[in-house]
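# Coordinates in review
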Amino acid sequence: MAGQSVPLVGKGREGWFFLLFTLQFCVYTGLAASHAHSVGGGGWLATFVGVLALMPGIIGLSSVSSIVFLEGIAMLSERYLKRRYEEGKAEGEARMSKAWEAWLKRRMEAEEAGEDFDEPPPSHQNGK
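The paragraphs below set out a description of the structure included in this document.

The rules behind each value
Residues numbered from 1 in each chain as written. Predicted model: local features only at pLDDT ≥ 70, side-chain atom pairs only at ≥ 80, totals over all residues. Heavy atoms only, no water. Helix = DSSP H or I, 4+ residues; strand = E, 2+ residues; numbered from the N terminus. Core = buried A, V, L, I, M, F, W, Y, C linked by side-chain atoms within 4.5 Å. Buried < 20%, exposed > 50% of the residue type's maximum accessible area, 1.4 Å probe, protein only. Contact = heavy atoms within 4.5 Å. Expected span 1.5 Å × (residues − 1). Phe/Tyr/Trp six-rings, centres within 6.5 Å; stacked < 30°, edge-to-face > 60°. Polar contact = N/O pair within 3.5 Å; in protein donor to acceptor, adjacent residues only side chain to side chain.

### Some words on the environment of I59
Looking at the secondary structure, you find I59 in helix α2 (residues 44-112). Taking the C-alpha atoms as reference points, I59 and L20, separated by 39 residues in sequence, lie 12 Å from one another.

### Remarks on the nonpolar core
Among the nonpolar cores identified, the biggest contains five residues, and these are A32, A36, V51, M55 and I58. With three residues, α2 is the single largest residue contributor to this core. Here V51 is in contact with T29, A32, A33 and A36, once residues within four sequence places are set aside.

### Notes on helix α1 (residues 14-39)
For α1, built from 26 residues, the straight-helix expectation of 38 Å at 1.5 Å per residue is met to within 8% by its first-to-last C-alpha distance of 36 Å. Elements that come into contact with the buried residues of α1 comprise α2.

### Quick look at the packing of aromatic side chains
Under the defined criterion, the tally for this structure stands at four aromatic pairs. Seen in terms of ring centroids, F17 and F21 are 5.9 Å apart; in terms of plane orientation they differ by 25°. Their pairing is stacked. Separated by four residues within a single helix, F17 and F21 lie in helix α1, roughly one turn from each other. Owing to a relative accessible area of 21%, F17 belongs among the partly exposed residues under this scheme. When the centroid spacing of 5.5 Å and the interplanar angle of 80° are considered together, the rings of W100 and W103 count as edge-to-face. Pair noted here: W100 and W103 are both in helix α2, with a separation of three residues, about one helical turn. Look at W100 and you get partly exposed, because its relative accessible area is 28%. Feature note: the residues F17, F21 and F25 constitute an aromatic cluster, connected by ring pairs.

### Here we look at the side chain of S66
Following the sequence through the fold, S66 ends up in helix α2. For S66, the side chain forms a polar contact with the main-chain nitrogen of F21, separated by 3.4 Å. A distance of 2.7 Å separates a polar atom in the side chain of S66 from the backbone oxygen of S62. With near-sequence residues (within four places) excluded, S66 lies in contact with F17, L20, F21 and Q24.

### So, the side chain of Q24
Turning to its location among the elements, Q24 is positioned in helix α1. Q24 gets classed as buried once you look at its relative accessible area, which sits at 14%. In this structure, Q24 is in contact with L61, S62, S65 and S66, ignoring residues within four places of it in sequence.

Right under this line is the structure:
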């Protein structure tokens, strides 16, 4: 597909990427200016040229670290939420199994005693 780029940041995280990239870009540019000023003899032109020379590295570092940070957090969050979902699902299934076993036991006891048993099954009980 000509003319289309591959998105590097997940949908919905573009704003966070821009914010993180901008913050890092400003910090790294400030550090580069400080370095270029001390190395270049203190003149504004030498400082400017020194920062320009470091700009590709600043942009690359800001971009890559922002992507890694945002996508890493997303990956870890997804893994955590999936694990919590699976744990909750297993707990719910165990709870329902115990409820069915208890209901069947009460029903069998009522039948053995010749009593009516009109308690709804666990799948029809709301709020329990």
